[in-house]
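The chain contents come next:
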Protein chains: 2
Amino acid sequence: MEKSRKAAGPVSLATIAAATGVSISTVSRIVNGQTHRASPETVTRIQQAVESLGYKPNQIGRALKQGRSRVVAMLTANLNNPVMAMIATATEAALRDIGHVMTLCDTHDREDLQDEYLQAMRSQSVGGYILVTNIKSPGLADFVARGEPVVFACRPNPYAADPDAPGAFVGIDNEAAGAAAADRLWARGCRSPAVIMPLEGSVVTLEREAGFCRRMTELGIPPDRLARVKAPGLSHLDVGYAAAGTLFAGRPGPDGILGVSDQIAYGVYRFAMEQGIRIPDDCPVISIDGSDLNGWIAPWLDSIHVPYAEFGHHIVGQLQAIWRGETPEAAILPFHD
Amino acid sequence: MEKSRKAAGPVSLATIAAATGVSISTVSRIVNGQTHRASPETVTRIQQAVESLGYKPNQIGRALKQGRSRVVAMLTANLNNPVMAMIATATEAALRDIGHVMTLCDTHDREDLQDEYLQAMRSQSVGGYILVTNIKSPGLADFVARGEPVVFACRPNPYAADPDAPGAFVGIDNEAAGAAAADRLWARGCRSPAVIMPLEGSVVTLEREAGFCRRMTELGIPPDRLARVKAPGLSHLDVGYAAAGTLFAGRPGPDGILGVSDQIAYGVYRFAMEQGIRIPDDCPVISIDGSDLNGWIAPWLDSIHVPYAEFGHHIVGQLQAIWRGETPEAAILPFHD
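Residues numbered from 1 in each chain as written. Chains lettered and ligands numbered in written order. Predicted model: local features only at pLDDT ≥ 70, side-chain atom pairs only at ≥ 80, totals over all residues. Heavy atoms only, no water.

Undergrad: Break down the overall build of chain A for me, citing the residues and quoting the values.
TA: Scanning chain A from terminus to terminus reveals 12 helices and 11 strands. Taking the principal axes of the C-alpha coordinates as reference, chain A spans close to 85 × 40 × 35 Å. In chain A, 69% of the contacts between residues at least 6 apart in sequence involve partners at least 24 apart. As displayed, chain A has an accessible area near 14,300 Å², and 51% of this comes from carbon and sulfur atoms. Distance between charge centroids for chain A: 8 Å, based on 30 positive and 36 negative side chains. (Helix = DSSP H or I, 4+ residues; strand = E, 2+ residues; numbered from the N terminus. Contact = heavy atoms within 4.5 Å. Areas by Shrake-Rupley, 256 points an atom, 1.4 Å probe, with all protein chains shown as cover. Lys, Arg positive; Asp, Glu negative; His and termini not counted. Charge placed at Lys NZ, Arg CZ, Asp CG, Glu CD.)

Undergrad: Which residues make up the relation of the copies chain B and chain A, and what values do they have?
TA: Structural alignment of chain B on chain A gives an RMSD of 0.3 Å, achieved by rotating through 180° and translating 0.1 Å along the axis. Such a combination of turn and shift is consistent with a two-fold rotation axis. Residues of chain B ranked by C-alpha distance from the rotation axis are headed by L104 of chain B, positioned 2.3 Å from it. Of the interface residues in chain B, 100% have counterparts in chain A that sit at the interface too, so the contact is made through matching surfaces. (Least-squares fit on C-alpha atoms with pLDDT ≥ 70 in both.)

Undergrad: Could you give an account of the sheet that holds strand β8 (residues 256-259) of chain A, naming the residues involved and the relevant values?
TA: Strand pairing in a sheet takes place through backbone hydrogen bonds and is either antiparallel or parallel in direction. All names here are of chain A. What the five strands build is an open sheet, ordered β7-β6-β8-β9-β10; its pairing is parallel. Whereas interior strands pair on both sides, the edge strands pair on one side only; in this sheet they are β7 (227-231) and β10 (301-305). Direction aside, neighbouring strands of the sheet carry axes that sit 20° apart on average. The sheet contact formed by strand β6 (residues 193-198) and β7 spans five bridges and is parallel. From the neighbouring strand, P198 faces β7, where its bridge partner is A231. (Pairing = 2+ DSSP bridges. Axes fitted to C-alpha atoms, helices over the stretch in contact; angles between N-to-C directions.)

Undergrad: I'd like to hear about the packing of helix α4 (residues 82-97) of chain A against helix α12 (residues 308-323) of chain A, residue by residue, with values.
TA: All names here are of chain A. Put simply, α4 and α12 touch, their axes get as near as 7 Å, and they point 45° apart. One way to sum up the angle between α4 and α12 is to call them oblique. Once α4 is placed against α12, the crossing between them reads as right-handed. When α4 is examined against α12, the residues V83, M86, I87, A90, T91, A94 and L95 are found in contact with a partner set consisting of Y308, A309, F311, G312, H313, I315, V316 and L319. Among the residues forming the contact of α4 with α12, the class breakdown is 12 nonpolar, three polar and no charged. (Parallel < 35°, antiparallel > 145°, perpendicular 65-115°, else oblique. Left-handed = near helix turned anticlockwise from the far one by under 90°. Nonpolar A, V, L, I, M, F, W, Y, C, P; charged D, E, K, R; others polar.)

Undergrad: If you had to explain the packing of aromatic side chains to someone new, which residues and values would you point to?
TA: Under the defined criterion, the tally for this structure stands at 14 aromatic pairs over all chains. For the ring pair Y241 of chain A and W296 of chain B, a centre distance of 5.9 Å and an interplane angle of 90° mean the geometry is edge-to-face. Placement of Y241 of chain A in helix α9 (residues 236-249) and of W296 of chain B in helix α11 (residues 293-297) is noted, with the two residues assigned to different chains. Connected via pairs of aromatic rings, a cluster forms that spans Y241, F248 and F271 of chain A together with W296 of chain B. It is R270 of chain A that lies over the ring of W296 of chain B; its NZ or CZ is 4.8 Å from the centre. (Phe/Tyr/Trp six-rings, centres within 6.5 Å; stacked < 30°, edge-to-face > 60°. Lys NZ or Arg CZ within 6 Å of the ring centre and 35° of its normal.)

Undergrad: Mind laying out the packing of helix α1 (residues 13-20) of chain A against helix α2 (residues 24-31) of chain A, listing which residues take part and the relevant values?
TA: A pair of packed helices is characterised by two quantities: the angle between their axes and the separation of those axes. Residue and element names in this part refer to chain A. The contact between α1 and α2 brings their axes to 9 Å, and the two run at 110°. Here α2 runs roughly perpendicular to α1, going by the angle between their axes. By crossing handedness, the relation of α1 to α2 is classed as right-handed. Across the interface between the two elements, L13, A14, I16, A17 and T20 of α1 pack against I24, V27, S28 and V31 of α2. Of the residues belonging to the contact of α1 with α2, the class tally is seven nonpolar, two polar and no charged.

Undergrad: Before we move on, can you summarise the domain arrangement of chain A with the specific residues and values?
TA: Domains assigned within chain A are domain 1 (13-57), domain 2 (66-167 + 309-333) and domain 3 (174-305). Taking only C-alpha atoms, the centre of domain 1 of chain A and the centre of domain 2 of chain A are 29 Å apart. (Domains from an automatic or database assignment.)

Undergrad: Can you tell me about the pairing of strand β3 (residues 128-132) of chain B, naming the residues and giving the values?
TA: Residue and element names in this part refer to chain B. Counting buried residues along β3, five of its five residues qualify, which places the element largely inside the surrounding structure. Across the two faces of β3 the burial is the same, with G128, I130 and V132 and Y129 and L131 all buried. The pairing of strand β1 (residues 71-76) with β3 spans four bridges and is classified as parallel. In the strand pairing of β3, L75 is matched with L131. Bridge count between β3 and strand β4 (residues 150-153): four bridges; the pairing is parallel. Looking at β4, one finds that L131 is bridged to F152. The parallel pair β3 and β4 is bridged by helix α6 (residues 138-145), and the resulting crossover is right-handed. (Buried < 20%, exposed > 50% of the residue type's maximum accessible area, 1.4 Å probe, protein only. Right-handed = clockwise from strand over helix to strand, strands pointing away.)

Undergrad: Could you give an account of the interface of chain B and chain A, with specific residues and numbers?
TA: Taken together, the contact between chain B and chain A spans 39 residues of the former and 39 residues of the latter. Note on chain B versus chain A: buried area summed over both sides is about 3,600 Å², and carbon and sulfur give 59% of it. Area buried by chain B at its contact with chain A is led by Q124, W296 and I297 of chain B, which between them contribute 22% of it. Of the charged contacts in the structure, one is a salt bridge between R70 of chain A and E116 of chain B, with a shortest N-O distance of 2.8 Å. Joining chain B to chain A, the criterion identifies 14 residue pairs in polar contact (both at pLDDT 80 or more). Among the secondary structure elements, those contributing two or more residues to the side of chain B that touches chain A are α4 (82-97), β2 (101-106), α5 (111-123), α9 (236-249), α10 (262-275) and α11 of chain B. (Buried area = accessible area lost by both parts, 1.4 Å probe. Salt bridge = Lys/Arg side-chain N within 4 Å of Asp/Glu carboxyl O. Polar contact = N/O pair within 3.5 Å; in protein donor to acceptor, adjacent residues only side chain to side chain.)

Undergrad: Break down the pattern of salt bridges for me, with residues and values.
TA: Residues and elements named next belong to chain A. With the rule as written, the count across this model stands at 36 salt bridges over all chains. Of the charged contacts in the structure, one is a salt bridge between R184 and D302, with a shortest N-O distance of 2.6 Å. With a gap of 118 residues between them, R184 in helix α7 (residues 174-187) and D302 in strand β10 connect regions that are remote in the sequence. Note that R270 and E274 form a salt bridge whose closest N and O atoms lie 3.4 Å from each other.

Undergrad: Just give me the short version of helix α6 (residues 138-145) of chain A, but keep the residues and values in it.
TA: Counting along an α-helix, one turn takes 3.6 residues, and residues three or four places apart therefore face a common direction. Residue and element names in this part refer to chain A. By the burial criterion, the buried members of α6 are G139, L140 and F143. Looking straight down α6, one finds that the buried residues subtend no more than 95° of arc, so they occupy a single side. Exposed positions of α6 whose direction lies more than 90 degrees from the buried face are P138 and A145. The secondary structure elements touched by the buried residues of α6 are α5 (111-123), β3 (128-132) and β4 (150-153). Looking at the residues trailing α6, positive phi occurs at G147, about 70°. (Arc of directions from axis to C-beta.)

Following this line, the structure appears as structure tokens:
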């Protein structure tokens, strides 16, 4: 084949296939970076044909992923949290729609594990990374600096060069969600509100709490009537339980509680039930998350619903943009007020 | 180095390191099959030294995993099921204890996806596979035939040569668990029992239902008083809800219900609550699974507790046995009666 000869008419995968004597499906895989199943000479031959014939990938976003596999790795913390499962399920379905597969790793919000999984997945040449609930770690800093294809969800990129332009990110306005929870409790007559946070908060829980407190203050609740409890616990279930113990021991107790996650609210509920406190009759409880499970077994719980099921196609759309060499805009999705 | 010369004294990793001029940690990685970071000549040199010096891996079970990575892939269906999350979490922790990492793929109980993930993980050279909720598929048949390192959990190997010796498997006696549920409902005065199954059952749900029916029959319940409902649904939540609609429409309704999974019971509960039927006062509901979440937000639910948290270290122990070249014995764990 002569170099630098432009083919007549549009160059398709079929053109490359005909020119190299290789099947279209093989050409397609190699063009998309799935080189594992072909011999090195075949890969080289096809890549040369692509260049000399001037082939451009189609506009639907087939990316030249440069030797990466079609496995995309999602890193998250706490698989036991139904929120994590919802995001994982939605994203995995969206990835399969574009011919990729997803694999999930649990970092337990630990620096060492996050770095370990980033490295393990990198040595597997995965096609991209999705970080749900990331934390700062040397490995992540390195990934961001080297421009690895990473989309962040829930918690934004802690190493974003410009915090106002966080790049590939899917989440909600947590501060506004906290404020919306305050409005809902206020509308139910709550005038001695309480908000429960985990002791080791993340930017998500901190912003939800901040929004709630800001709004309650705007609504006229004085600081000494706004209870803010941070409780320890291996899981948010324990956090809610411990905090409820503190709150309901006080006299008078709160007349409305925000748990910044569903699981915190579940923990409050267990304590209340054990003490004969009726939720919501004695004390309404509201949470932010609004997992589907609530409707089935937690009818007592009011929730600000976060559209986690929609995170999936946004995450995948942003990954595709990155593969095309673009910088996606962050997607801040509306929660249901 | 002379071939076939046995070294004086025990041959350790240090011996290999000294003989090849390579660091002990590099020798250790290569001996354990983690060859990704070393050059092919180094790998060959070390493997030759291992052979000529007669090095044997230590007895704690360091396996020669022959070029596989230390990533272990777990394949499961339905990440939204808290049971799956419990098994995943426990297994992942046990894998990290032995220096491995785990990655999780959702097969949705689909043949094509199960095969796709098996293949994707195989092309990544993962160190082992854990199949939770497997189904028959050509790819799985092939894996079993080729002796890939696979441990089965919950549902046994559908291609086991000898069904009475299922090999690497961790699960419970589902038939006995169903029978235990029958005993519990009977003890609560139930004489018009009902059992709810998903329309597309697995060996797990079929055996649980079979054990329940067998025991109720032994206890003297005539067939026309034992209601067996199979309901359709995308999830077990929907199954329970649909089945409850059928059951509570009948006159008289059941005076005790077994949902063969927690989520089926949650579905029953939602329907009952909507209809003003009190659980357990009007109709006790029992399930098999006994997820931790029940204690927090489903105090109305009685449960046969399956020790999913203990599956992890059994699964990993069996994987280590396979790596040592042994055939592990199945572990049938006791449920809490």
